[in-house]
Every structure is written in structure tokens, then in C-alpha cells.
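Now for the letters of each chain:
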Amino acid sequence: MKRDVIIACDFADRATTLNFLDKFTEEKPFVKIGMELFYAEGPEMVREIKARGHKIFLDLKLCDIPNTVKKAMAVLSKLDVDMVNLHAFGTIDMMKAALEGLTRPDGTRPLLIAVTQLTSTSQERMEHDQMIYKPLLEVVMHYAACAKEAGLDGVVCSPLEAQKVHEVCGNAFLTVTPGVRFAGGDVGDQVRVATPERAKEIGSDFIVMGRPITADADPVGAYRRAMKEFAE
Ligand code: C5P
């Protein structure tokens, strides 16, 4: 799988999103559409961005009973997106059902990626709120192994965890890593960050970058810099 930069289009509406994408006249970046934009503008937004020639990671993080997730994934698969995700927490049975739902009649399907523990969850909250009394990294690696067992393609994780995931699940198992910042850039609310170059060294397959690109005065320049540092 070729390394790529995915731009997190964390915008509130269609107009802002298309205005942003219009700036890219020479390239068609891989984009991530999350809950905010999807819930505001619906599947039509996905079709419109797809029709413009972009690859799409639909970041809706499904988690429900296996039958419900299977049916929802079948709907998302028809949108012709390239990557979707779910919570590994939903069990191996749920992940297997998701794969079934996602697989189109011709055997093709979008990549299916699992969220392990959200990066916003601390060791303390995991123990108190979820009653899981193991080291967080061990829990993340266990969820990654469950995702692999279910037949998924990879996990969302911190770039700093990518190497360990590959050790546990193999190099072909994809790591999709947010929390990426340019050297000297504003970290914002992200805690465990790496530069695109460092993420490449550690072995990330895809980096997800939002604000370092979307909030830059020159988003196309920032995207090109990320591609140069990470994907070349
Ligand atoms: O603006 P920034 O580069 O921090 O955006 C990162 C994107 O990745 C956001 O859309 C955020 O919701 C998402 N994400 C994350 N950490 C995770 C999973 C998703 O930052 N563990």
C-alpha cells in the first residue's frame, strides 16, 4: 500500500468544504469526512466529493450490534468510499459482520480500519470508566490483534504506536495515524505528536492531518510539504 496523506476536512458545511477543496487545482488529495460534516450534509456530500475525484476516508466510527453494523456498512459501501472505520470495542463478531456488509457483490470493498482506544482516553479514565485494568498500550495492541483476527485491514493509532502495531500484526496491517504536526508547528490539543518525516520512519501507512493543512494560509503548500516529507 502506497503511503499517503489524508486531509481531515473538519468543516461544518458544504460551502466551506468545497471552497477549501477548490484551492487544489493540480492534485486530488485523499480526504477524511467525519461525523460533523456527514451529519450536517449527509451522503450527498460524500458523492459530490467522490465525483470530484478524491479518495474518501469516511470516519464515522461505527459501534453497535453486529446485524446493525453489517447493514449500515452495506449502505456506506454503496457510497463508493475508499476507507471506513468502526470501534474494535464492538467485538470480533461485530467486526466480521461489518466486513460482510461492506463487501460488494463483485467482491470489492472499502478498506476497513478499527479504532482501538481513542487517543482522548487516559489510563485513569480507562480504569475508572471502562473497568479495564491493563496498561493502555497492551489494550491497544490487543484490540489491534482482534481487528486483525476479524480480517480487518488496519487500525487508527498514534504514529508513535505504528511500529509496535506492525510488530504485533505484521507489516501489511495498515496504520492510519492522526496527531501529526510539522516541525515547529502548533500542537493544539494533540498530545502525542510526530512530524510527517518521523511518522514515515516509524512506519505509518497513512497520516491524517487536519489543522496543520486546513488552517494554514497556504493549504496547498502545506499539503505538498506533508506529501514531500511523508510520501516521497
Ligand atoms: O487538526 P488535526 O490534525 O488535529 O486533526 C486530526 C484529525 O484526526 C481530526 O479529524 C480528529 O478527529 C482525528 N482523530 C484524532 N485522533 C484519533 C482519531 C481521529 O485526532 N485517535
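Residues numbered from 1 in each chain as written. Predicted model: local features only at pLDDT ≥ 70, side-chain atom pairs only at ≥ 80, totals over all residues. Heavy atoms only, no water.

Student: Any details on the state of the cysteines? Residues and values, ideally.
Tutor: Summed over all chains, the structure comprises zero disulfides. Looking at the unpaired cysteine 146, the closest cysteine sulfur is the one in cysteine 169, lying at 9.3 Å. (Disulfide = S-S within 2.5 Å.)

Student: Outline the site of the ligand, supporting the account with residue identities and numerical values.
Tutor: Ala8, Asp10, Lys32, Thr119, Pro178, Arg181, Gln190, Val208, Met209, Gly210, Arg211 and Pro212 make up every residue found near the ligand. In the environment of the ligand, an oxygen atom lies 2.8 Å from a nitrogen or oxygen atom belonging to the side chain of arginine 181. One of the side-chain N or O atoms of arginine 211 is found 2.7 Å from an oxygen atom in the ligand. Here the ligand has 460 Å² of accessible area as a free molecule, and 83% of this is covered by the chains. Taken atom by atom, the bulk of the ligand overlaps the largest pocket. Elements supplying a minimum of two residues to the shell around the ligand: strand E8 (206–209) and helix H10 (211–214). (Near = heavy atom within 4 Å. Polar contact = N/O pair within 3.5 Å; in protein donor to acceptor, adjacent residues only side chain to side chain. Areas by Shrake-Rupley, 256 points an atom, 1.4 Å probe, with all protein chains shown as cover. 1 Å grid on protein atoms, 1.4 Å probe; cavity = no way out; pocket = protein on both sides within 12 Å on 5 of 7 lines; lining within 4 Å. Sits in = over half its atoms within 2 Å of the grid points. Helix = DSSP H or I, 4+ residues; strand = E, 2+ residues; numbered from the N terminus.)

Student: Please provide a residue-by-residue account of the sheet that holds strand E2 (residues 30–34), values included.
Tutor: Ordered by their spatial adjacency, eight strands build a closed barrel running E1-E2-E3-E4-E5-E6-E7-E8, and the pairing between neighbours is parallel. Each strand of the sheet is rotated relative to its neighbour by a mean of 25°, with strand direction disregarded. One ladder, built from two bridges, connects strand E7 (residues 174–177) with E8; its direction is parallel. The partner of valine 176 across the bridge, within E8, is phenylalanine 206. Sitting on the sheet, helix H3 (residues 43–51) touches E2 and strand E3 (56–62), and the angle it makes with E3 is about 155°. (Pairing = 2+ DSSP bridges. Axes fitted to C-alpha atoms, helices over the stretch in contact; angles between N-to-C directions. Contact = heavy atoms within 4.5 Å.)

Student: Tell me what's going on with the pairing of E3, and back it up with residues and numbers.
Tutor: The buried fraction of E3 amounts to six of the seven residues, a majority that puts the element mostly inside the structure. Bridge count for E2 against E3 is four bridges, and the pairing is parallel. Looking at E3, one finds that isoleucine 33 is bridged to leucine 58. Pairing of E3 with strand E4 (residues 83–87), which is carried by three bridges, proceeds in the parallel orientation. (Buried < 20%, exposed > 50% of the residue type's maximum accessible area, 1.4 Å probe, protein only.)

Student: Which residues make up the nonpolar core, and what are the values?
Tutor: In terms of nonpolar packing, the biggest core is built from 64 residues, with Leu58, Met73, Leu86, Met95, Leu112, Leu152 and Ile213 touching the most fellow members. With eight residues, helix H7 (residues 136–150) is the largest single contributor of residues to this core. Apart from the residues within four sequence positions on either side, leucine 152 is in contact with Leu86, Met95, Leu99, Leu112, Ile113, Ala114, Ala147 and Phe173. Counting residues in hydrophobic clusters, the runner-up holds 13 residues, among them Ile6, Phe30, Val156 and Leu174. (Core = buried A, V, L, I, M, F, W, Y, C linked by side-chain atoms within 4.5 Å.)

Student: How would you sum up the pattern of salt bridges? Please name residues and give values.
Tutor: Side-chain pairing between opposite charges can occur once the charged atoms of the two side chains come close. Scanning the model with the defined rule gives 16 salt bridges in all. With a closest N to O distance of 2.9 Å, aspartate 22 and arginine 52 form a salt bridge. Of this pair, aspartate 22 sits in the loop between helix H1 (14–21) and E2 while arginine 52 sits in the loop between H3 and E3, and the two are 30 residues apart along the sequence. The partly exposed category is assigned to arginine 52, whose relative accessible area is 28%. Each of Glu26, Glu27 and Arg224 takes part in salt bridges that share partners, so that together they form one network. (Salt bridge = Lys/Arg side-chain N within 4 Å of Asp/Glu carboxyl O.)

Student: Describe in detail H1, supporting the description with residues and values.
Tutor: Buried residues of H1: Thr17, Leu18, Phe20 and Leu21, and no others. Down the axis of H1, the sector holding all buried residues measures 155°, keeping them to one side. Residues of H1 that are buried sit in contact with strand E1 (4–8), E2, helix H2 (35–41), H3, H10 and helix H11 (219–230). Capping the start of H1, aspartate 13 holds a side-chain oxygen 3.3 Å from the backbone nitrogen of alanine 15, two or three residues further along. (Arc of directions from axis to C-beta.)

Student: Explain the packing of helix H4 (residues 66–78) against helix H5 (residues 92–102) to me, and be specific about the residues and the numbers.
Tutor: Direction vectors running N to C along H4 and H5 enclose 30°, while the axes themselves pass 7 Å from each other. Taken together, H4 and H5 sit at an angle that is classed as roughly parallel. As for how H4 packs across H5, the hand of that crossing is right-handed. Residues Pro66, Val69, Lys70, Met73, Ala74 and Ser77 of H4 form the contact with H5, whose own contacting residues are Asp93, Met94, Ala97, Ala98, Glu100, Gly101 and Leu102. (Parallel < 35°, antiparallel > 145°, perpendicular 65-115°, else oblique. Left-handed = near helix turned anticlockwise from the far one by under 90°.)

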